[in-house]
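Descriptive structure summary
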Amino acid sequence: MATVTSSRGDTEVVTVRRTELRDIPSIIGLFSPITEDLFGRIDVTYLLDISNLAMTLCNEKKEVIAHAAFLDYPNWNITDQMFVTIDCCLCAGPCTPLNTLFVHLFVAKEDYTAGCSQEIVSMEDYDDLMQIWTPQSEALKEIYGEYLLVDLLELDDEENQSAVCEVGGTAVGFMSLCSQVNVSLFQECFDLGPFHGLCKPPPEDILEVPQKSSVQGDEDESNQTSAKPEPVSSQNMGRVPGADASVAVTVSQTKLAAGDVSNIGSEGSAGPVLETDGEGDLHPVNGGASNAFCIRLFCIDEKYETRSLDFLRYAFSVFPDRDLCVILVPHHIPEFPLIRSFVRTVPSCTSRLGRELYVFHRAGLLVKLGWCLGAALGGQCFNWDSVMKYTITIRDWKCASVVFSLQDGMPVQAFVAEVSDQIVGVSVTRDEMDIEYIRSHYNIEDFIHFNHYQQEEHGHLCHFVLNPAFHHYTKYFLKEILRLAHKSSLYYPIYPEYVEGKFQRPCAHSLTSALHYMVPVRPRRQIVYPLEELGVNAPSEQVSKDQLNYSLNHTNRKLVLESKVCINTRIVVVGASDVGISFLETLVFWPGLKFNNLILISIHGLPGKDPQSSKYRRFLINSHCFNDEDYAQMSLCSWVNVVVGKMTGINRTAKYVVVSKEDIVPYDYLVLCTGQSYQVRCVQSGNQHNIPRFSTRYTEEVPSNHFTLNDAQDCLEAACWLEENLVSSEGNVIVYGNTTDIYTTVETLLSLGIEGSRIHLVQAPLSSAGPCLSDAALERVVGEALSEAGVAVHPDSVLAQWGQDDQGLITWAAFTTATDELRLQCSAFFSFAYRRVDYETFKAINDSCLVFDGRLVIDAKFHTNDVNIRAAGPLTKFSRRYYRDELTHSNFNSKEVGFELAASMLSLFDPTCQPSSETPEGSDRLIPMYKMCKVQGGVFPGGYNYLHISKPAIPIALDVELAPCDFGMEIVTGEAGHGNYFRMHFDRYSMVDSITCFSKEPFPVSNYICLYRQHERLLNDLYYRWKEGQFTDLYSYFREPWSMAIYHDRFIDLQKELRQTLMSEQRGSACTAHSSVFLFVHILNFPVEPELTLFSFIAFLHYSCSLVPSGIWSLACLSVPLGLVVFPNRNMLQAILHLSQLSPWVGFSAPIHREWLLYSKG
């Protein structure tokens, strides 16, 4: 914010911000007759999309008074952009890609075209600093203790120095330096491999490169690499000794002070000998003397904080024998401009230092960097070996070599970055050939206007390495790659890499130093197409082809210079449940924020890491929140640190979590999402006689043939045990419980080859949570299928006792029934009868004095009684003050709960994240209601595919649900016994309320989930057609081509746009029955692309509404992404109006039931 004076003398307060799309009309309004003469004919929308920097000046009335757009090449047509050079005599200094952009458009009101001046800051000692010290003294005291300015100034000696920055004789900045650095402590808490452990490497020290490649399936690929990498000398300035720690950081501008590095922990200057571990991290073989000095304290006037780097030139001159400068910053302090040039070191998950360590190398002060095109296949010869010795590890060297040998003749370009005639960075790119697949499978249009890009403007980033000393030039390297390669956007896929170990850090890729300057792109939900029914109208193979799933990262000319808000706050999530994964997913993909310290504590690490375990996941019912494809497309392992273990304690005072009774993980915010799990219930074994009367927890060692399955890893272990010990031998299997998991487990046992006669299904009495299957007809058919398979069913039985042999295996189990006792022999026992909060989790919660009332007590905002601890999911219950003890997060969609949990915390980190509307008074006393449906699916005995989609509520039996007078209506086709049962229930507003499918044939679950909460008229006038007998099978009905639009992932957005458009039209003109206007749009010959999205129709709707003066209109034809033309009737708009809470009858004549006519383009 600043004050400007116009040529007329008027003073006005203005603000500068990034240009947004909504500014385009105002920018065009600023065009003058000479604008085209200066800049040519400008497409403002396209210009904003490709601009490296576009800024808008606004006044207090939010009016645009000026705009400028900059690119990294001139708008002259006299030369190619990759050959741009500038005569230095035209400028005050040398023009480089680091300091030069070209104006492609500048417009402003005539009154605001005056110039400005700049004053150079000088550096010298100065002791009058109270003007900037006083405003920050309280904050500095709170964070770093008592500091007196006079003491720091008087402390100047060989080890302690101070620096002052002044402007016009007034001090504006202060820095206190110290040469004593606790190197040994930092080596213990941080990964300092890229900087030789902050020690001076002796001349004879040679860094050995670990012999491991991260390229999946590179066993054959590595054989193609004939050259052996040379050892890298530790004295070479160009060396890059490790990728894992060179994590890129983007910064927000703010002022703060740094901590005293020299007085933390025990004293010591020389570090221990570091070695290369098995994960590919590079560590120095020999230690040495300290090679670092620290910034003890730093403060500067916010007006001049962008010149903070000038301090470092003086600091390195004070300590000429040190090559590294380090600074410690508290986790909760936002990053400030000084450390945007520093490298953030990767902390250990168990580090209790409580600070972030940033490192700056002396070589980073060099500003004469050069970028050039290294090679292109089919072009001049390029000495690749001379470049690869500067890469980080052998894994990167193999990656780059594979890039050249596996591109199937596709041109590949290599770029190098040079400093003082030394190569400090290398990158490899090629054309992106799967851009249509990317567009259809990822929300890339969140970042670019796809239709404005040519095919050749999309590039694929294969490899990227940059010396950590020049890490702060990463974005300029990326910008130059885009310019030299004639690209506007770059894409980088991350394929799943399955990692094991106790502490799993984010996976190191060849792009580690650039990955965090890119943005992760959300995947798009895909339609399951009925290819046979669609025939020639099926999507092209280019869109529908099967590929290995991957996570997509992206950058473009505009994003490369945009800064994210870097969050160093330590957020520890306990439990890899659906709620926890959804929470992490929301934070990782949140635009504008970069979370550096996300930590997950989980017994088995991240889900989806082992494809083998997923196929055995069918032991358990499926919530359809996430699957292996989702995990691969999220790639949480790239952003989240993982600690494998179980939470056994919480220290709220010291703010850390105890893992497996030995490791300590500190936190700033703790999020508990462990959920509930099946437990081993306490029973009397054959050699036990005295059991506490009210004990329900089994305290002895669990028999190895007793299984409680809670996740995919448990299922895999159970399947492996069965295949090794039971499938080919004799012995019975007992499945005990009262949930739908008992049916999926029995079917899985049958599919493993265990005969039905060896399986005993013992059904425990139903709990108050509701029936196992709400539909009695389905229960009956499942019972018949069990009988046909030879499975013995024992209803209403309670486990009383089991017997064990000498090896501790269960050999028999006894149950009590209403009439007598049941005793069964068994070789394996599956228990699904006792689902509770894990005992160790309960003990950790209870011992830390968090309120526990059967479950962890929270309020409507996910708060526990500790302000720094949040919780969600089945682990929790609402406080009794809400008077709804029976309603918990178990009754809601876990994915939606996780998203809302993340949204409730984002306001702590993102100042722009504000609620869309004011919270009504008293809403804090109400339980929040969720909208997404609950889903259960699985395969039952007899090969029946089961799916139940329901609204979030307490489950009740179907006969009870049918009783109320406002029940609504239901449509049922097929019979459960015939394997073609399909039931849809509609509420009294004719909205889809629940769906139940029970079929012998597999069906598209993701498609059917899209039907939830849709109006029946939107489903092609479903109720009318059913009454008229126009269809008898809902499965085939929802495979018809017209339904594909409803399954589209952007159909909901179309509904919202229609709602807004229709409401604005009704407000703008009178709505009468005689004012209906029918707008006919003929697009039969429109060149429909294979993945033409519905957003193109939204733009059309806006255009149409601006031409139609009436408030009521309808569409005569609409194109869907299948090359079809759809002629809807009036009922579609009526249904959308109903969704919009508007009267569906305003302006319409009597309802007309006309079919939608579908015509193929062929």
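Quick summary incoming for the structure in this document. (Residues numbered from 1 in each chain as written. Predicted model: local features only at pLDDT ≥ 70, side-chain atom pairs only at ≥ 80, totals over all residues. Heavy atoms only, no water.)

Let's talk about the overall build of the protein
Looking only at helices and strands, one finds 31 helices and 57 strands in the protein. Going through the 1162 residues of the protein one by one, you find that 54% of them count as buried. For the protein, the accessible area works out to roughly 51,200 Å², and carbon and sulfur atoms hold 51% of it. (Helix = DSSP H or I, 4+ residues; strand = E, 2+ residues; numbered from the N terminus. Buried < 20%, exposed > 50% of the residue type's maximum accessible area, 1.4 Å probe, protein only. Areas by Shrake-Rupley, 256 points an atom, 1.4 Å probe, with all protein chains shown as cover.)

Here's the deal with the sheet that holds strand β38 (residues 759-763)
In a beta sheet, neighbouring strands are held together by backbone hydrogen bonds and run either parallel or antiparallel to one another. What the 5 strands build is an open sheet, ordered β36-β43-β37-β38-β39; its pairing is parallel. Strand pairing shows two members of the sheet lacking a second neighbour, β36 (706-707) and β39 (792-794), which therefore form its edges. Summarising the sheet, strand β37 (residues 733-737) and β38 pair through 5 bridges and their orientation is parallel. From the neighbouring strand, Val 733 faces β38, where its bridge partner is Ile 759. Here helix α19 (residues 712-725) sits on the sheet in contact with β36 and β43 (828-832), set at roughly 160° to β43. Strands β37, β38 and β43 of the sheet are contacted by helix α20 (residues 741-751), whose axis makes an angle of about 180° with β38. (Pairing = 2+ DSSP bridges. Contact = heavy atoms within 4.5 Å. Axes fitted to C-alpha atoms, helices over the stretch in contact; angles between N-to-C directions.)

Describing the pairing of strand β41 (residues 810-816)
Residues in a regular strand point their side chains to alternate faces of the sheet. When you tally the buried positions in β41, you get 5 out of 7 residues, the bulk of the element. Inspection of the sheet shows strand β40 (residues 798-804) paired to β41 by 6 bridges, in the antiparallel sense. When the sheet's bridge partners are listed, Gln 801 is paired in β41 with Ala 814. Counting the residues between successive antiparallel strands, the hairpin from β40 to β41 contains 5 residues, one of them, Gly 808, with a positive phi of roughly 85°. In this structure, the hairpin formed by β41 and strand β42 (residues 821-825) is closed by a connection of 4 residues.

Considering the side chain of Thr 19
Along the chain, Thr 19 falls in the loop between β2 (11-18) and α1 (24-29). Thr 19 gets classed as buried once you look at its relative accessible area, which sits at 16%. At 3.3 Å, the side chain of Thr 19 forms a polar contact with the backbone nitrogen of Met 55. (Polar contact = N/O pair within 3.5 Å; in protein donor to acceptor, adjacent residues only side chain to side chain.)

As for the pattern of salt bridges
The tally for this structure, following the rule as stated, stands at 32 salt bridges. Between Arg 17 and Asp 23 there is a salt bridge, and its shortest N-O distance comes to 2.7 Å. Residue Arg 17 is classed as partly exposed on the basis of its relative accessible area, which comes to 22%. With a relative accessible area of 2%, Asp 23 lands in the buried category. Across the pair Arg 983 and Glu 970 runs a salt bridge whose closest N-O atoms are separated by 2.7 Å. Placement of Arg 983 in strand β51 (residues 980-986) and of Glu 970 in strand β50 (residues 969-973) is noted, with a sequence separation of 13 residues between them. We classify Glu 970 as partly exposed; its relative accessible area is 28%. Several salt bridges converge on common partners, so that one network encompasses Asp 853, Lys 877, Arg 880 and Asp 885. (Salt bridge = Lys/Arg side-chain N within 4 Å of Asp/Glu carboxyl O.)

A short note on the pairing of strand β8 (residues 170-178)
Of all 9 residues in β8, 8 are buried; the element is thus mostly enclosed. Taken together, the 8 bridges between strand β7 (residues 160-167) and β8 define a ladder with antiparallel strand orientation. When the bridges of β8 are listed, Ser 162 appears paired with Ser 176.

Observations regarding the nonpolar core
Counting residues in hydrophobic clusters, the biggest one holds 94 residues, and the most contacted among them are Phe 583, Phe 595, Ile 650, Leu 670 and Leu 672. Aside from chain neighbours lying at most four places away, what touches Phe 583 is Ile 571, Val 573, Val 671, Gly 898, Leu 901, Ala 902 and Met 905. Counting residues in each nonpolar core, the second largest holds 41 residues, with Tyr 678, Leu 709, Tyr 944 and Ala 976 among its members. (Core = buried A, V, L, I, M, F, W, Y, C linked by side-chain atoms within 4.5 Å.)

A closer look at the sheet that holds strand β31 (residues 656-659)
Within the open sheet, the 3 strands sit side by side as β30-β31-β32. Their pairing is antiparallel. Each having just a single partner strand, β30 (647-651) and β32 (663-666) make up the two edges of the open sheet. Averaged over all adjacent pairs, the angle separating strand axes in this sheet is 25°, with direction ignored. Pairing of β30 with β31, which is carried by 4 bridges, proceeds in the antiparallel orientation. Considered in β31, the bridge of Met 647 is made with Val 659.

Digging into unusual backbone geometry
Backbone geometry at Lys 62 places phi at a positive 65°, although glycine is not the residue there. Looking at the secondary structure, you find Lys 62 in the loop between β3 (53-59) and β4 (64-71). Of note, Tyr 883 is a non-glycine position whose phi angle comes to about 55°, a positive value. You can see Tyr 883 is positioned in the loop between β47 (876-878) and α23 (894-906).

A look at the packing of aromatic side chains
In this structure the tally under the stated criterion is 42 aromatic pairs. Their ring planes at 20° and their centres at 6.1 Å tell us that Phe 298 and Phe 336 sit as a pair that is stacked. With Phe 298 in strand β12 (residues 292-300) and Phe 336 in the loop between β13 (324-330) and β14 (343-344), this residue pair connects regions lying 38 residues apart in the sequence. Across the pair, exposure class does not vary: Phe 298 and Phe 336 are buried alike. Seen in terms of ring centroids, Phe 342 and Phe 360 are 5.4 Å apart; in terms of plane orientation they differ by 45°. Their pairing is tilted. Highlighted residues: Phe 342 in the loop between β13 and β14 and Phe 360 in strand β16 (residues 355-361), separated in sequence by 18 residues. A single burial state applies to Phe 342 and to Phe 360, both of which are buried. Grouping aromatic residues by their ring pairs yields a cluster made of Phe 982, Phe 1003, Tyr 1008, Phe 1031, Tyr 1035, Tyr 1037, Phe 1038 and Trp 1042. Positioned over the ring face of Tyr 944 is Lys 1000, at 4.5 Å from the centre of the ring. (Phe/Tyr/Trp six-rings, centres within 6.5 Å; stacked < 30°, edge-to-face > 60°. Lys NZ or Arg CZ within 6 Å of the ring centre and 35° of its normal.)

What about the environment of Ser 577?
Assignment of secondary structure puts Ser 577 in the loop between β26 (571-574) and α16 (578-588). We classify Ser 577 as partly exposed; its relative accessible area is 21%. Sequence spacing of Ser 577 and Asp 711 is 134 residues, and the spatial spacing of their C-alpha atoms is 8.9 Å.

Here we look at α23
With 13 residues, α23 extends 18 Å between its outermost C-alpha atoms, agreeing within 8% with the 18 Å of an ideal straight helix rising 1.5 Å per residue. Listing the buried residues of α23 in full gives Ser 894, Glu 896, Val 897, Gly 898, Leu 901, Ala 902, Met 905 and Leu 906. Buried residues belonging to α23 abut α16, β27 (593-595), β33 (669-672) and β46 (869-871). Measuring from the backbone nitrogen of Lys 895 back to the side-chain oxygen at the start of α23 gives 2.9 Å, which picks out Asn 893 as the cap. (Expected span 1.5 Å × (residues − 1).)

Some details on the environment of Ile 50
Position of Ile 50 among the secondary structure elements: in helix α3 (residues 44-50). Expressed as a C-alpha distance, the spacing of Ile 50 and Leu 559, which sit 509 residues apart in the sequence, is 9.3 Å. When neighbours within four sequence positions are excluded, Ile 50 is seen to be in contact with Leu 71, Tyr 73, Tyr 453, Ser 488 and Arg 557.

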